[in-house]
Amino acid sequence: MQFYIDSADIEEIRQANRRGWVDGVTTNPTLVAKTGRRHEDVIKDICNEVKGLVSAEVLSLKADEMVKEGVQLAKIADNVVVKIPMCEEGLIAVRRLSAEGIKTNVTLVFSPLQALLTAKAGATLVSPFVGRLDDISSNGMEVISQITQIFQNYDLATQVLVASIRHPIHIMESAMMGADVVTVPFKVLQQIVNHPLTDKGIAQFLKDAQNVPK
Ligand code: G3P
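Residues numbered from 1 in each chain as written. Predicted model: local features only at pLDDT ≥ 70, side-chain atom pairs only at ≥ 80, totals over all residues. Heavy atoms only, no water.

Notes on the overall build of the protein
(1) Moving on: Along its length, the protein carries eleven helices and eight strands.
(2) Moving on: Principal axes of the C-alpha set define a box for the protein whose edges measure 75 × 40 × 30 Å.
(3) Moving on: Expressed as a percentage of the 214 residues in the protein, the buried residues total 45%.
(4) Moving on: Long-range contacts, defined as pairs at least 24 residues apart, comprise 56% of the intrachain contacts of the protein with a sequence gap of at least 6.
(5) Moving on: With an accessible surface of roughly 11500 Å², the protein has 53% of that area assigned to carbon and sulfur atoms.
(6) Moving on: In the protein, 22 side chains carry a positive charge and 25 a negative one; their mean positions are 4 Å apart. (Helix = DSSP H or I, 4+ residues; strand = E, 2+ residues; numbered from the N terminus. Buried < 20%, exposed > 50% of the residue type's maximum accessible area, 1.4 Å probe, protein only. Contact = heavy atoms within 4.5 Å. Areas by Shrake-Rupley, 256 points an atom, 1.4 Å probe, with all protein chains shown as cover. Lys, Arg positive; Asp, Glu negative; His and termini not counted. Charge placed at Lys NZ, Arg CZ, Asp CG, Glu CD.)

Right under this line is the structure:
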(Lines give C-alpha, C1' and ligand atoms only; values in the text may rest on other atoms or scores of the structure.)
Protein backbone atom coordinates (compact mmCIF):
# COMPACT_ATOMS: atom_id res chain seq x y z
CA MET A 1 0.00 0.00 0.00
CA GLN A 2 1.33 3.43 -0.88
CA PHE A 3 1.44 6.24 1.70
CA TYR A 4 0.68 9.75 0.48
CA ILE A 5 0.74 12.80 2.72
CA ASP A 6 -2.40 14.97 2.72
CA SER A 7 -0.79 18.39 2.99
CA ALA A 8 0.26 21.53 1.12
CA ASP A 9 2.77 22.54 3.80
CA ILE A 10 6.19 22.13 2.16
CA GLU A 11 8.08 21.93 5.49
CA GLU A 12 5.80 19.17 6.74
CA ILE A 13 6.12 17.34 3.40
CA ARG A 14 9.94 17.59 3.59
CA GLN A 15 9.98 16.20 7.13
CA ALA A 16 7.74 13.28 6.16
CA ASN A 17 9.75 12.66 2.97
CA ARG A 18 13.01 12.44 4.96
CA ARG A 19 11.39 9.65 7.01
CA GLY A 20 10.38 7.74 3.85
CA TRP A 21 6.64 8.30 4.36
CA VAL A 22 5.85 10.07 1.08
CA ASP A 23 5.04 7.97 -1.97
CA GLY A 24 2.93 10.91 -3.17
CA VAL A 25 1.01 14.00 -2.04
CA THR A 26 -2.61 15.13 -2.12
CA THR A 27 -3.63 18.76 -1.77
CA ASN A 28 -7.01 20.47 -1.85
CA PRO A 29 -8.11 24.14 -1.91
CA THR A 30 -8.47 24.21 1.90
CA LEU A 31 -4.91 22.96 2.43
CA VAL A 32 -3.47 25.34 -0.21
CA ALA A 33 -5.34 28.34 1.29
CA LYS A 34 -3.67 27.64 4.66
CA THR A 35 -0.23 28.24 3.09
CA GLY A 36 -1.18 31.81 2.01
CA ARG A 37 0.72 31.21 -1.27
CA ARG A 38 -0.27 30.96 -4.96
CA HIS A 39 -1.61 27.52 -5.98
CA GLU A 40 0.87 27.10 -8.81
CA ASP A 41 3.86 28.02 -6.59
CA VAL A 42 2.79 25.56 -3.90
CA ILE A 43 2.39 22.70 -6.40
CA LYS A 44 5.72 23.54 -8.09
CA ASP A 45 7.59 23.36 -4.75
CA ILE A 46 5.94 20.08 -3.78
CA CYS A 47 6.75 18.54 -7.18
CA ASN A 48 10.40 19.56 -6.76
CA GLU A 49 10.50 17.83 -3.37
CA VAL A 50 8.61 14.63 -4.15
CA LYS A 51 9.08 12.06 -6.94
CA GLY A 52 5.62 10.43 -6.60
CA LEU A 53 2.25 11.72 -7.81
CA VAL A 54 1.06 15.13 -6.57
CA SER A 55 -2.67 15.87 -6.78
CA ALA A 56 -3.65 19.48 -7.56
CA GLU A 57 -7.35 20.38 -7.57
CA VAL A 58 -9.28 22.38 -10.19
CA LEU A 59 -11.77 25.03 -9.04
CA SER A 60 -14.11 25.20 -12.08
CA LEU A 61 -17.37 23.30 -12.21
CA LYS A 62 -17.83 23.16 -16.01
CA ALA A 63 -16.07 20.44 -18.01
CA ASP A 64 -14.47 22.81 -20.56
CA GLU A 65 -13.03 24.98 -17.78
CA MET A 66 -11.90 21.96 -15.74
CA VAL A 67 -10.04 20.62 -18.77
CA LYS A 68 -8.37 24.01 -19.38
CA GLU A 69 -7.35 24.28 -15.72
CA GLY A 70 -6.22 20.65 -15.70
CA VAL A 71 -4.02 21.09 -18.77
CA GLN A 72 -2.37 24.12 -17.11
CA LEU A 73 -1.80 22.26 -13.83
CA ALA A 74 -0.34 19.26 -15.68
CA LYS A 75 2.22 21.58 -17.29
CA ILE A 76 3.73 22.38 -13.85
CA ALA A 77 5.47 18.99 -13.61
CA ASP A 78 5.29 15.43 -14.95
CA ASN A 79 4.07 14.07 -11.61
CA VAL A 80 1.00 16.33 -11.33
CA VAL A 81 -2.35 14.55 -11.10
CA VAL A 82 -5.40 16.71 -11.79
CA LYS A 83 -7.92 16.43 -8.97
CA ILE A 84 -11.52 16.73 -10.14
CA PRO A 85 -14.67 16.84 -7.96
CA MET A 86 -17.20 14.04 -8.46
CA CYS A 87 -20.07 15.38 -10.63
CA GLU A 88 -21.34 14.87 -14.19
CA GLU A 89 -19.20 17.69 -15.60
CA GLY A 90 -16.25 16.27 -13.68
CA LEU A 91 -16.64 12.86 -15.32
CA ILE A 92 -16.68 14.50 -18.77
CA ALA A 93 -13.45 16.31 -17.86
CA VAL A 94 -11.86 13.07 -16.59
CA ARG A 95 -12.59 11.31 -19.90
CA ARG A 96 -11.13 14.20 -21.89
CA LEU A 97 -8.02 14.60 -19.74
CA SER A 98 -7.41 10.82 -19.76
CA ALA A 99 -7.66 10.83 -23.57
CA GLU A 100 -4.89 13.46 -23.56
CA GLY A 101 -2.74 11.26 -21.31
CA ILE A 102 -3.23 13.47 -18.22
CA LYS A 103 -3.64 11.64 -14.90
CA THR A 104 -6.73 12.38 -12.81
CA ASN A 105 -7.92 11.86 -9.22
CA VAL A 106 -11.68 12.08 -8.64
CA THR A 107 -12.34 13.56 -5.22
CA LEU A 108 -15.32 13.91 -2.85
CA VAL A 109 -16.46 10.34 -3.49
CA PHE A 110 -18.79 8.95 -0.83
CA SER A 111 -20.39 5.82 -2.37
CA PRO A 112 -19.27 2.66 -4.18
CA LEU A 113 -21.30 3.52 -7.28
CA GLN A 114 -19.70 6.97 -7.54
CA ALA A 115 -16.36 5.13 -7.44
CA LEU A 116 -17.49 2.70 -10.15
CA LEU A 117 -18.49 5.60 -12.44
CA THR A 118 -15.12 7.20 -11.80
CA ALA A 119 -13.30 4.04 -12.88
CA LYS A 120 -15.46 3.76 -16.00
CA ALA A 121 -14.52 7.34 -16.90
CA GLY A 122 -10.85 6.29 -16.83
CA ALA A 123 -9.60 8.11 -13.72
CA THR A 124 -6.13 7.20 -12.43
CA LEU A 125 -7.20 7.48 -8.78
CA VAL A 126 -10.49 7.64 -6.90
CA SER A 127 -10.65 9.33 -3.49
CA PRO A 128 -13.40 8.10 -1.16
CA PHE A 129 -13.56 10.21 2.05
CA VAL A 130 -13.85 7.94 5.09
CA GLY A 131 -13.61 10.49 7.92
CA ARG A 132 -16.37 12.69 6.56
CA LEU A 133 -18.66 9.63 6.27
CA ASP A 134 -17.88 8.69 9.89
CA ASP A 135 -18.66 12.31 10.85
CA ILE A 136 -22.28 11.84 9.71
CA SER A 137 -22.59 8.45 11.44
CA SER A 138 -22.06 6.42 8.25
CA ASN A 139 -19.37 3.74 8.11
CA GLY A 140 -16.54 5.12 5.95
CA MET A 141 -14.50 1.92 5.96
CA GLU A 142 -17.49 -0.15 4.82
CA VAL A 143 -17.54 1.97 1.66
CA ILE A 144 -13.84 1.15 1.12
CA SER A 145 -14.57 -2.55 1.53
CA GLN A 146 -17.35 -2.30 -1.09
CA ILE A 147 -15.20 -0.32 -3.54
CA THR A 148 -12.19 -2.67 -3.28
CA GLN A 149 -14.50 -5.68 -3.80
CA ILE A 150 -16.15 -4.14 -6.91
CA PHE A 151 -12.80 -3.07 -8.38
CA GLN A 152 -11.44 -6.62 -7.85
CA ASN A 153 -14.56 -8.21 -9.41
CA TYR A 154 -14.03 -6.30 -12.65
CA ASP A 155 -10.25 -5.94 -12.53
CA LEU A 156 -10.56 -2.13 -12.81
CA ALA A 157 -7.35 -0.14 -13.32
CA THR A 158 -8.32 2.91 -11.23
CA GLN A 159 -6.45 2.95 -7.91
CA VAL A 160 -8.37 3.31 -4.64
CA LEU A 161 -6.92 6.20 -2.60
CA VAL A 162 -8.46 6.34 0.86
CA ALA A 163 -8.83 10.01 1.88
CA SER A 164 -10.12 11.99 4.87
CA ILE A 165 -8.16 9.70 7.18
CA ARG A 166 -8.44 10.71 10.83
CA HIS A 167 -6.62 7.97 12.81
CA PRO A 168 -4.32 4.92 12.48
CA ILE A 169 -7.20 2.42 12.45
CA HIS A 170 -8.39 3.89 9.13
CA ILE A 171 -4.91 3.08 7.75
CA MET A 172 -4.78 -0.42 9.22
CA GLU A 173 -8.21 -1.34 7.87
CA SER A 174 -7.35 0.14 4.44
CA ALA A 175 -4.33 -2.16 4.29
CA MET A 176 -6.42 -5.19 5.34
CA MET A 177 -8.91 -4.38 2.57
CA GLY A 178 -6.21 -4.05 -0.08
CA ALA A 179 -6.64 -0.32 -0.84
CA ASP A 180 -3.89 0.91 -3.18
CA VAL A 181 -3.11 4.20 -1.41
CA VAL A 182 -3.89 6.05 1.82
CA THR A 183 -3.45 9.81 2.06
CA VAL A 184 -2.69 10.79 5.62
CA PRO A 185 -2.16 14.03 7.59
CA PHE A 186 1.39 14.34 9.02
CA LYS A 187 0.23 14.07 12.64
CA VAL A 188 -1.52 10.75 11.94
CA LEU A 189 1.63 9.42 10.19
CA GLN A 190 3.56 10.27 13.37
CA GLN A 191 0.97 8.45 15.50
CA ILE A 192 1.69 5.17 13.68
CA VAL A 193 5.36 5.25 14.68
CA ASN A 194 4.76 5.37 18.40
CA HIS A 195 3.82 2.56 20.77
CA PRO A 196 4.03 2.76 24.60
CA LEU A 197 5.76 -0.66 24.76
CA THR A 198 8.42 0.60 22.32
CA ASP A 199 9.11 3.63 24.59
CA LYS A 200 9.18 1.38 27.67
CA GLY A 201 11.52 -1.08 25.91
CA ILE A 202 13.96 1.66 24.84
CA ALA A 203 14.08 3.06 28.41
CA GLN A 204 14.75 -0.43 29.83
CA PHE A 205 17.54 -1.19 27.31
CA LEU A 206 19.24 2.14 28.10
CA LYS A 207 19.01 1.41 31.82
CA ASP A 208 20.40 -2.14 31.45
CA ALA A 209 23.19 -0.90 29.16
CA GLN A 210 24.64 0.97 32.16
CA ASN A 211 25.39 -2.43 33.77
CA VAL A 212 27.41 -3.68 30.80
CA PRO A 213 31.11 -3.65 31.80
CA LYS A 214 33.15 -1.07 29.86
O1 G3P B 1 -7.64 15.83 0.70
C2 G3P B 1 -8.93 15.33 0.88
C3 G3P B 1 -9.23 14.79 2.27
O4 G3P B 1 -8.20 13.95 2.72
C5 G3P B 1 -9.70 15.79 3.26
O6 G3P B 1 -9.83 15.29 4.56
O7 G3P B 1 -10.07 15.66 7.00
O8 G3P B 1 -10.79 17.47 5.39
O9 G3P B 1 -12.11 15.37 5.63
P10 G3P B 1 -10.76 16.01 5.71
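With respect to the packing of aromatic side chains
(1) Moving on: Tallied over the full model, the rule gives two aromatic pairs.
(2) Moving on: Ring plane angle 45° and centroid distance 6.1 Å describe the contact between Trp-21 and Phe-186, whose orientation is recorded as tilted. Of this pair, Trp-21 sits in the loop between α1 (10–18) and β2 (24–26) while Phe-186 sits in helix α10 (residues 186–193), and the two are 165 residues apart along the sequence. As far as the burial class goes, Trp-21 and Phe-186 line up, both buried. (Phe/Tyr/Trp six-rings, centres within 6.5 Å; stacked < 30°, edge-to-face > 60°.)

Some words on the nonpolar core
(1) Moving on: Residues Ile-5, Val-25, Ile-46, Val-80, Ile-84, Phe-151 and Ile-165 are the most contacted members of the largest nonpolar core, which totals 57 residues.
(2) Moving on: Looking at this core, the element that brings in the most residues is helix α8 (residues 140–153), giving six residues.
(3) Moving on: The residues contacting Val-80, other than those within four sequence positions of it, are Ile-43, Cys-47, Val-54, Ala-56, Leu-73, Ala-74 and Lys-103.
(4) Moving on: Counting residues in hydrophobic clusters, the runner-up holds eight residues, among them Tyr-4, Leu-53, Val-81 and Ala-163. (Core = buried A, V, L, I, M, F, W, Y, C linked by side-chain atoms within 4.5 Å.)

What to know about the site of the ligand
(1) Moving on: The full set of residues close to the ligand is Asp-6, Asn-28, Lys-83, Phe-129, Arg-132, Ala-163, Ser-164 and Arg-166.
(2) Moving on: One of the side-chain N or O atoms of Asp-6 is found 2.6 Å from an oxygen atom in the ligand.
(3) Moving on: At 3.1 Å from an oxygen atom of the ligand is found a side-chain nitrogen or oxygen belonging to Asn-28.
(4) Moving on: Protein contact buries 82% of the 310 Å² of open area that the ligand shows by itself.
(5) Moving on: Within the shell around the ligand, the residues separate by chemical class into two nonpolar, two polar and four charged. (Near = heavy atom within 4 Å. Polar contact = N/O pair within 3.5 Å; in protein donor to acceptor, adjacent residues only side chain to side chain. Nonpolar A, V, L, I, M, F, W, Y, C, P; charged D, E, K, R; others polar.)

Focus on the sheet that holds strand β4 (residues 80–85)
(1) Moving on: The eight strands are arranged β1-β2-β3-β4-β5-β6-β7-β8 in a closed barrel whose pairing can be described as parallel. Each adjacent strand pair in this sheet contributes to an overall mean axis angle of 30°, direction not counted.
(2) Moving on: Packing against the sheet, helix α4 (residues 63–74) makes contact with β3 (53–57) and β4, and its axis sits at approximately 160° to β4. (Pairing = 2+ DSSP bridges. Axes fitted to C-alpha atoms, helices over the stretch in contact; angles between N-to-C directions.)

Topic: α1
(1) Moving on: Every buried residue of α1 is listed here: Ile-10, Ile-13 and Ala-16. Viewed end-on, α1 has its buried residues packed into an arc of 125°, placing them on one side of the element.
(2) Moving on: Measuring from the backbone nitrogen of Glu-11 back to the side-chain oxygen at the start of α1 gives 3.0 Å, which picks out Asp-9 as the cap.
(3) Moving on: Where α1 terminates, the next one or two residues include Gly-20, which has phi positive at roughly 80°. (Arc of directions from axis to C-beta.)

Quick notes on unusual backbone geometry
(1) Moving on: For Leu-108, which is not a glycine, the phi torsion comes out positive at approximately 60°.
(2) Moving on: Structurally, the position occupied by Leu-108 is in strand β5 (residues 104–109).
(3) Moving on: Judged by its relative accessible area of 32%, Leu-108 falls in the partly exposed class.
(4) Moving on: Even without a glycine there, the phi angle at Ser-164 is positive, about 60°.
(5) Moving on: You can see Ser-164 is positioned in the loop between β7 (159–162) and α9 (168–177).

Some thoughts on the environment of Val-71
(1) Moving on: As for its position among the elements, Val-71 is in helix α4.
(2) Moving on: Separated by 31 residues in sequence, Val-71 and Ile-102 place their C-alpha atoms 7.7 Å apart.
(3) Moving on: The residues contacting Val-71, other than those within four sequence positions of it, are Leu-97, Glu-100 and Ile-102.

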